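Listed below, chain by chain, are the residues.
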Amino acid sequence: MSSANRIERNLLSFSTLSALLFALMGIGLGLWMGSLVIIFDGAYSFVSLALSLVSLTAAWYLRTPRAQQQPRQRRQVQAGVVAFKGFAITLMCTVSLVSAIQAILNGGREINTGLALVFGVVNVLGCLATYWVLVHYRQRARSSLIIAESKQWLMDTVISAAVMLGFIIASVMTYLGWHDYAVYADPVMVVVASVYFVLVPLKMMRDAIRRLRIHYVLQRRDQQGSGGLPHADTDTTDHSSLSRERC
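Report on the accompanying structure. In every chain, residue numbers begin from 1 and rise along the written sequence. Restriction of local features to residues with pLDDT of at least 70 applies here, the model being predicted, together with a cutoff of 80 or more for giving and counting side-chain atom pairs; totals for whole chains, interfaces and linings are based on all residues. To obtain the side-chain values, all non-hydrogen atoms of the structure were included, while hydrogens and water were left out.

**With respect to the overall build of the protein chain**
The number of helices and strands found in the protein chain is 10 helices and 0 strands. Labels follow the DSSP assignment, with helices taken as runs of H or I lasting at least four residues and strands as runs of E lasting at least two, numbered in each case from the N terminus. In sequence order, the protein chain lays out its α and β elements as α-α-α-α-α-α-α-α-α-α. The contact criterion used is simple: two residues touch if any of their non-hydrogen atoms lie within 4.5 Å. Long-range contacts, defined here as pairs at least 24 residues apart, represent 80% of the contacts in the protein chain between residues at least 6 apart.

Encoded structure:
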């Protein structure tokens, strides 16, 4: 196993364990406190856990002799995994948005902002540390899977920071006597986070699907070229198609 493959496997394993920890902490504490936004944060970590397992499986397959002999298929698998990640995160944001809107219509949610703030600080520091590790070592791994993984953790870090900021605002509102409005802080934070952060997975999907289309076009050109066209002509056509697709 090459050094890059070993680093990729270790980073994906580290990301998986981190996602498991934050998922259990977020969902458990969110259900206990009745906080939609903490559940949202934990659910994102749970989705990250599932996606990290997908990345680990893809990384294992890409190290097999068969995959090593087919570099184009390797790129297709990587692009497919990234597209699936984008779809899963988009779906989670959509479900969370619907749940938050229902909570707003039902009169909001009252939570213990003091305990929530402690969770927010711990979560931000933990997510930021995981993101830093992935970014620090991803150049050595030279893997699009690690790049996608680091983007997941960047989203998780910013979401956690937004959650913590929301709890600070809710605490201030309660302190000022605006309790009737403070109960809406929790679902409103979920709405804002869902709408804003859904743009990142949508872009991930768009870019990955574009790469898949490029690989499909190149594969069709190769198949047509094998029918008698000179290899040089086929190669030129492939690169021109690739340039047009990227535009």
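**Brief notes about the packing of aromatic side chains**
Pairing of aromatic rings covers Phe, Tyr and Trp, the last through its six-membered ring, and needs centres within 6.5 Å; plane angles under 30 degrees mean stacked, over 60 mean edge-to-face, and all others mean tilted. According to the stated counting rule, one finds 1 aromatic pair in the structure shown. Here F22 and W153 contribute two aromatic rings whose centre-to-centre distance is 5.9 Å and whose plane-to-plane angle is 65°, an arrangement assigned as edge-to-face. Taken together, the positions of F22 in helix α1 (residues 3-33) and W153 in helix α6 (residues 144-175) put the pair 131 residues apart, joining distant regions of the chain. Think of it in three bands: residues with accessible area under 20% of the maximum for their type are buried, residues over 50% are exposed, and the middle band is partly exposed, with areas taken using a 1.4 Å probe on protein chains only. The class for W153 is buried, based on a relative accessible area of 0%.

**Re the nonpolar core**
Counting 27 residues, the largest nonpolar core has V37, I38, I89 and F167 as the members making the most contacts within it. Those elements that provide at least two residues to this core are α1, α2 (36-62), α4 (71-105), α5 (113-141), α6 and α8 (185-197). Broken down by element, the residue count for this core peaks at 7 residues, all from α2. Excluding its chain neighbours within four sequence positions, the residues that come into contact with I89 are Y44, V47, L51, Q152, M155 and P201. Residue types Ala, Val, Leu, Ile, Met, Phe, Trp, Tyr and Cys, when buried and joined through side-chain atoms within 4.5 Å, form a set referred to as a nonpolar core. Formed by 15 residues, the second largest nonpolar core is a distinct cluster that contains I7, L49, L145 and I146.

**Considering α8**
Residue count minus one, scaled by 1.5 Å, sets the expected span of a helix. End to end, α8 covers 18 Å across 13 residues, agreeing with the expected 18 Å (1.5 Å per residue, within 8%). All of the buried residues in α8 are A185, D186, P187, M189, V190, A193, S194 and F197.

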